[in-house]
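Single-letter residue listing:
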Amino acid sequence: TADMIDVELCNGAPFLTSVLAVARAHGVRTILSFHDFEDTPPKKEMLRKIELMHRHGTDVAKIAVMPREPDDVLRLLETTLEARRRFTQLGLCTTSMGRMGALSRVAGFLFGSDMAFAAAAHSSAPGQIPIGGLPPIVCHRRSLPTTRTRSIAPATARIPHPTCAPSNAGPDAHEHDTMRSVVN
């Protein structure tokens, strides 16, 4: 059983509404996610995604983007800071992927990111840090117990978001063995 599910935003409103309703009915917390494995969108676009996730009523809004240059990492962190100020009660998880984005994984909490995803055995995203490699500073805030999550991602999740297609979220949905969450 999962304590929390992670559902891709690109699945569309009807699917998201039904999945979130079923999750709530069973006491399962939700993460709505947006991934861009190719680029870092403009700040305004990332904020719109977070606002949409908030309107859907998710517990946590997650943005994971690929930086092309250091300014992209800074833009993600600025987006995180602004989102934290706008959506004070919404859980946030923001990550700039790959080696260049590692800073966002270990210092994102300084800008308002509440969670850091870590790999239990195998990395599911570029630049993901093994759970044992998370520095102690990431866990200096009150940590929640390790939680099992189930990701509902379309088969095209690694393709840039414009081509993202709905999923039937069957037994082949990705399962993250470990998620360490860090909250205020």
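Scroll up to find the structure this text is about.
In this numbering scheme, every chain counts its residues from 1 along its sequence in written order. Local features in a predicted model are, by the rule used here, given only for residues with pLDDT of at least 70; side-chain atom pairs are given and counted only at 80 or more, and totals for whole chains, interfaces and linings are based on all residues. Computation of side-chain values covers all heavy atoms of the structure but excludes hydrogens and water.

1. With respect to the pattern of salt bridges
Here, a salt bridge means any Lys or Arg side-chain nitrogen found within 4 Å of an Asp or Glu carboxyl oxygen. The tally for this structure, following the rule as stated, stands at six salt bridges. A salt bridge links E82 to R86; the nearest nitrogen and oxygen atoms lie 2.6 Å apart. Here the residue E82 and the residue R86 both occupy positions in helix α3 (residues 70-86), the gap between them amounting to four residues, near one helical turn. According to the relative accessible area criterion, E82 is partly exposed, its value standing at 24%. A run of DSSP states H or I qualifies as a helix once it reaches four residues; a run of E qualifies as a strand once it reaches two. Both are numbered from the N-terminal end. Burial classes: relative accessible area under 20% of the type maximum marks a residue as buried, over 50% as exposed, and values in between as partly exposed (1.4 Å probe, protein chains only).

2. Some remarks on the packing of helix α2 (residues 43-56) against α3
To get an axis, a line is fitted to the C-alpha atoms, and for a helix only the part in contact is used. The angle between two axes follows their N-to-C directions and goes from 0 to 180 degrees. Relative to each other, α2 and α3 sit at 40 degrees, their axes nearing to 10 Å. Classified by the interaxial angle, the pair formed by α2 and α3 is oblique. For the pair α2 and α3, the crossing hand works out as right-handed. Side by side, α2 and α3 meet where K43, M46, L47 and I50 of the first sit next to R75, L76, E78, T79, E82, A83 and R86 of the second. Here the residues of the contact of α2 with α3 are counted per class, giving five nonpolar, one polar and five charged. Each angle gets one of four labels, with under 35 degrees taken as roughly parallel, over 145 as roughly antiparallel, 65 to 115 as roughly perpendicular, and the rest as oblique. We call a crossing left-handed when the near helix sits turned anticlockwise from the far one by less than a right angle, and right-handed when that turn is clockwise. Two residues qualify as a contact provided that any one of their heavy atoms is within 4.5 Å of a heavy atom in the partner residue. Note that Gly is not counted as nonpolar here; it falls among the polar residues with everything else outside the nonpolar set of Ala, Val, Leu, Ile, Met, Phe, Trp, Tyr, Cys and Pro and the charged set of Asp, Glu, Lys and Arg.

3. Some points on the environment of L76
Relative to the assigned elements, L76 resides in helix α3. For the pair L76 and V65, spaced eleven residues apart in the sequence, the C-alpha separation amounts to 8.0 Å. Beyond its immediate sequence surroundings of up to four residues, L76 is in contact with M46, I63, V65, T94, T95, S96 and S104.

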